[in-house]
Amino acid sequence: MTKVILDVDTGSDDAVAIMAAALSPEIDLVGICTVWGNQAIENTTDNTLRLVDAMGLKVPVYKGCDTAMVKYLTHDYVENVERPAVMHNGKAFIMHSEHLDLPEAVSKPEDVPAACFYVDYLRKAKEKVTLIPVGPLTNLGLALRIAPDIVENIEQIVVMGGGSKITNCNSWSESNIWHDPEAAQIVANCGAKVVWVPLDATHQACITLDDCKRFREIDTFPARFAADQCEQRIIVHNAQQPLDIPDAAAVHDALCVAYVIDPAVITDLRHCHVEIGLSGYGEGQTIVDQRAYPLEKNGYFAYDADRFKFVDMLCDCFKRGKK
Ligand code: BDR
Ligand code: CA
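In this report, the structure presented in the accompanying data block is examined. (Residues numbered from 1 in each chain as written. Chains lettered and ligands numbered in written order. Predicted model: local features only at pLDDT ≥ 70, side-chain atom pairs only at ≥ 80, totals over all residues. Heavy atoms only, no water.)

### Here's the deal with the pairing of strand S6 (residues 129-133)
Argument step 1. The element S6 is extensively covered by neighbouring structure, given that five of its five residues are classed as buried.
Argument step 2. Here S6 shows no split at all, with Val129, Leu131 and Pro133 on one side and Thr130 and Ile132 on the other all buried.
Argument step 3. Looking at chain direction, strand S1 (residues 2-8) and S6 are connected through four bridges and run parallel. By the bridge assignment for S6, Asp7 is matched with Pro133. (Buried < 20%, exposed > 50% of the residue type's maximum accessible area, 1.4 Å probe, protein only. Helix = DSSP H or I, 4+ residues; strand = E, 2+ residues; numbered from the N terminus. Pairing = 2+ DSSP bridges.)

### A word on the pattern of salt bridges
Argument step 1. Applying the stated criterion to the full structure yields 16 salt bridges.
Argument step 2. In this structure, the salt-bridge partner of Asp28 is Lys3, at a minimum N-O distance of 2.7 Å. Here the residue Asp28 occupies a position in strand S2 (residues 27-34), and Lys3 occupies one in strand S1, the gap between them amounting to 25 residues.
Argument step 3. Residues joined by salt bridges that share partners form a network here, namely Arg216, Asp228 and Glu231. (Salt bridge = Lys/Arg side-chain N within 4 Å of Asp/Glu carboxyl O.)

### A few points about helix H4 (residues 138-146)
Argument step 1. Those residues of H4 that sit buried are Thr138, Asn139, Leu140, Gly141, Ala143 and Leu144.
Argument step 2. Where H4 is buried, its residues meet S1, S2, helix H3 (114-124), S6, strand S7 (154-160) and helix H6 (181-188). (Contact = heavy atoms within 4.5 Å.)

### Quick look at the coordination of the calcium ion (ligand 2)
Argument step 1. Protein-derived coordination of the calcium ion (ligand 2) comes from Asp9 (OD), Asp14 (OD), Asp14 (OD), Val134 (O) and Asp253 (OD), at a distance range of 2.3 to 2.9 Å.
Argument step 2. Each donor residue of the calcium ion (ligand 2) lies on one chain, and together they are spaced D-x4-D-x119-V-x118-D. We note that Asp9, like Asp14, is buried. (Donors = N, O, S within 2.8 Å, 3.2 Å for Na, K, Ca; no water.)

Spelled out as structure tokens, the structure:
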């Protein structure tokens with residue numbers, strides 16, 4: 001079993017990732033850190049706790065940072081414009097609702113802040129731990145700044161973030177990296193094995209309305225809830241970011257979890273040098289050195305994924321959930 005810490009800004013696709021990780025027999029989920037991103041930190045933490053309670057999980061949740069390490073101290077660029085809600089059958093849909101449609105949380109976050117949890121837990125860890133950050137990288141960036149020695153106990157960092165040919169936040173960046181480029185740059189060069197699962201791969205591993213039907217037939221809580229999240233995402237994708245496959249949505253964060261369960265779900269992973277753009281045009285860009293004689297290779301960048309395998313893996317996880 002692989003020990004895993006998730007770092008989430010829950011979030012519709014984060015929710016699917018949490019459920020897959022919690023239900024995989026290959027993963028021992030030892031903690032969940034939260035970070036701002038898709039919503040404010042109060043919401044992403046509350047959403048995470050709601051889901052943890054709904055799943056009946058006994059996994060500690062550590063509340064993390066409410067903004068970037070550096071960026072918003074000096075920020076004077078034009079921010080990405082908020083996308084309007086999409087109207088569908090008389091209802092308004094956005095990619096990530098303020099509150100997940102679940103009962104209010106009873107659980108509370110731990111007292112320890114997420115960055116401190118990383119330091120405490122990793123320093124004491126008896127075996128190496130896999131980190132799966134799927135929101136802005138602020139908590140981990142801070143932890144690595146406070147205690148760079150924690151890399152010794154990191155098996156790998158599987159990041160949802162970045163994009164080479166595809167971006168979503170502006171014409172050059174993906175939103176997790178855009179939100180905290182400095183933290184991403186610290187992670188890129190921390191010395192641990194870093195696997196970037198960017199939009200190039202997550203858009204290939206899209207989930208269709210037919211896949212949602214498969215989830216619904218499984219008829220467990222996580223399968224139904226994943227179908228809800230994916231259908232909501234499909235409505236918004238169709239209106240704002242249509243994919244090559246019709247009636248489909250990327251469910252980015254869950255692909256990172258699937259990769260940890262079985263790396264074969266990523267079908268094109270290239271060892272390369274990855275750098276993060278830190279200012280001006282190019283801020284938050286994942287710059288992959290594609291030259292014949294590149295800078296020293298510091299990570300792995302995913303370009304493609306097997307969507308059929310991905311959906312099968314999610315189904316296997318959801319079958320293990322409670323009714
Ligand atoms: C990433 O940004 C967030 O909106 C999603 O949860 C995902 O982690 C995709 O760009
Ligand atoms: Ca996310």
